[in-house]
Amino acid sequence: MTVMKKVWDPAVRFFHWSQLMLLGGLWYTGTEGLMEWHQLLAYTLAAVLLARICWGFYGSQSARFSQFAASPLKAVRYLRRPEPVMGHNPASSYMIFALLLLVLLQFVSGLMTTDHIFTDGPLVRYVSSDTVSLATRWHKLGIDILLIAVAVHVVAAVWHSWRHHNVIMGMLHGKLSAPNDMGVPTPKAGWSYFILVVIFWLAFYWWQGADLIRMLSY
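Numbers given to residues run from 1 along each chain, matching the order in which its sequence is written. At least 70 in pLDDT is required for a residue's local features to be given in this predicted model, at least 80 for side-chain atom pairs to be given and counted, and no such filter applies to totals for whole chains, interfaces and linings, which use all residues. Excluded from the side-chain calculation are hydrogens and water; included are all heavy atoms of the structure.

On to the overall build of the chain, then. Segments assigned H or I by DSSP are reported as helices when at least four residues long, segments assigned E as strands when at least two residues long, and all are numbered from the N terminus. Secondary structure summary: the chain contains seven helices and two strands in total. By its C-alpha atoms, the chain is 65 × 35 × 25 Å across when sized along the principal axes. Residue exposure (1.4 Å probe, protein chains only): buried if accessible area is under 20% of the type maximum, exposed if over 50%, otherwise partly exposed. A burial count over the chain gives 41% of its 218 residues as buried. Whether two residues are in contact is decided by their heavy atoms: any pair within 4.5 Å suffices. Partitioning the intrachain contacts of the chain with sequence separation of at least 6 by distance along the chain shows that 72% fall at a separation of at least 24. To measure how exposed things are, a 1.4 Å probe is used in the Shrake-Rupley method; for residues, cover is taken only from the protein chains shown. As displayed, the chain offers around 12700 Å² of accessible surface, 68% of which is attributable to carbon and sulfur atoms. Positive and negative side-chain charges of the chain, numbering 16 and 10 respectively, have mean locations separated by a distance of 16 Å. The charged-residue count follows a simple rule in which Lys and Arg add positive charge and Asp and Glu add negative charge, with His and chain termini not counted at all. Charge positions are represented by NZ for Lys, CZ for Arg, CG for Asp and CD for Glu.

What follows is the structure, encoded as structure tokens:
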């Protein structure tokens with residue numbers, strides 16, 4: 001007999017869906033040249049991401065990076081024979097790490113990116129021209145790689161939800177179906193995660209807020 005059990009805490013679910021929406025906004029504003037809004041969304045995503053990285057070390061058990069550990073062989077075995085997992089399964093763990101790394105690289109490279117006309121990243125003045133050139137090239141290429149990875153992740157989630165575990169709905173209400181006798185650690189409320197998001201966002205605002213306000217007022 002299977003029952004619905006609470007697995008995902010509010011912090012993980014908020015990070016998942018806000019990251020998706022913010023990436024969509026970053027792609028649109030970058031494509032349309034709305035660089036002031038692009039930077040505002042970038043700092044917001046960075047705050048959400050940095051708080052999630054912290055949450056990965058002390059948050060709910062299903063959110064901790066230590067629970068993601070799985071060998072490539074276990075990931076392959078899972079893909080061949082999926083079974084209920086109260087958290088990230090061995091295969092999705094690799095995708096989660098890849099997405100976190102790509103988003104982080106995209107943010108860091110954006111800080112050192114220039115269009116040579118209107119907009120310079122806040123770190124452009126502190127690094128060499130070669131570094132700026134490399135960061136600019138990566139930032140343009142990285143968004144395509146990141147969007148491809150997101151698309152793969154979405155397709156995999158839809159397929160997995162259709163064939164095995166409804167992980168998409170699970171990320172909405174936080175519950176997954178599992179055998180009645182399978183134990184599930186109680187997720188934390190996640191308030192400290194949201195406090196961290198605010199702290200990181202305020203730190204970015206303190207660092208670049210005046211420049212963003214000036215840009216938005218033009």
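So, on to empty space enclosed by the protein. Any residue with an atom within 4 Å of a point lines the site, the site being either a cavity, points on a 1 Å grid over the protein atoms alone where a 1.4 Å probe fits but cannot get out, or a pocket, an open set with protein on both sides within 12 Å along at least 5 of 7 lines. Grid points are joined across faces, edges and corners, and a volume is the space filled by probe spheres set on the points. All chains considered together, the criterion is met by one cavity of 30 Å³ or more. By volume, the largest cavity amounts to about 30 Å³. Listing elements by their share of the lining of the largest cavity, those giving two or more residues are α2 (35-58) and α7 (191-217). When residues of the lining of the largest cavity are assigned to their parent elements, the largest contribution, four residues, is made by α7. Taken together, the residues of the lining of the largest cavity sort by class into six nonpolar, no polar and no charged. Three classes are used, and their members are as follows: Ala, Val, Leu, Ile, Met, Phe, Trp, Tyr, Cys and Pro are nonpolar, Asp, Glu, Lys and Arg are charged, and the others, Gly among them, are polar.

Turning next to the environment of I143. Along the chain, I143 turns up in helix α5 (residues 129-163). The class for I143 is buried, based on a relative accessible area of 17%. I143 sits 113 residues away from G30 along the chain, and the two C-alpha atoms are 9.6 Å apart. For I143, the contacting residues outside a window of four places in its chain are W27 and Q106.

A few words on the nonpolar core. For this analysis, a nonpolar core means a set of buried residues of the types Ala, Val, Leu, Ile, Met, Phe, Trp, Tyr and Cys, connected via side-chain atoms within 4.5 Å. In terms of nonpolar packing, the biggest core is built from 38 residues, with F107, L146 and Y193 touching the most fellow members. Every element with two or more residues in this core is listed here: α1 (10-32), α2, α4 (90-111), α5 and α7. Per-element accounting of this core gives the leading share, nine residues, to α2. If we skip the residues at most four places from it in the chain, F107 touches A42, Y43, A46 and F204.

What follows covers the environment of A47. As for its position among the elements, A47 is in helix α2. Between the alpha carbons of A47 and L196 there is a distance of 7.8 Å; along the sequence they are 149 residues apart.

Here we take up a nonpolar patch on the surface. Patches here are clusters of residues that have more than 30% relative accessible area and form no salt bridge, with a 9 Å joining cutoff for like charges and a 5 Å cutoff for nonpolar side chains (Val, Leu, Ile, Met, Phe, Trp, Tyr). The salt bridge definition used is simple: a Lys or Arg side-chain nitrogen within 4 Å of an Asp or Glu carboxyl oxygen. There is a patch of nonpolar side chains on the surface, built from V198, W201, L202, Y205 and I213 and spanning about 450 Å² of accessible area. Note that W201 resides in helix α7.

Let us now look at the packing of α2 against α4. Throughout, an axis means a line fitted to C-alpha atoms (over the contacting stretch in the case of helices), and angles, computed between N-to-C directions, take values from 0 to 180 degrees. Following both chains from N to C, one finds α2 and α4 inclined at 140°, their axes separated by 11 Å at the closest point. Taken together, the axes of α2 and α4 are oblique relative to one another. Where α2 crosses over α4, the two elements pack in a sense that is left-handed. From α2, A42, Y43, L45, A46 and L49 reach across to α4, where they touch L100, V103, L104, F107 and L111. Residue composition of the contact of α2 with α4, by class: ten nonpolar, no polar and no charged. Orientation is classified from the angle alone, with under 35 degrees giving roughly parallel, over 145 giving roughly antiparallel, 65 to 115 giving roughly perpendicular, and any other angle giving oblique. The sense of a crossing depends on the near helix, which, turned anticlockwise from the far helix by less than a right angle, makes the crossing left-handed and, turned clockwise, makes it right-handed.

Function cannot be read off these values alone, since they describe shape.
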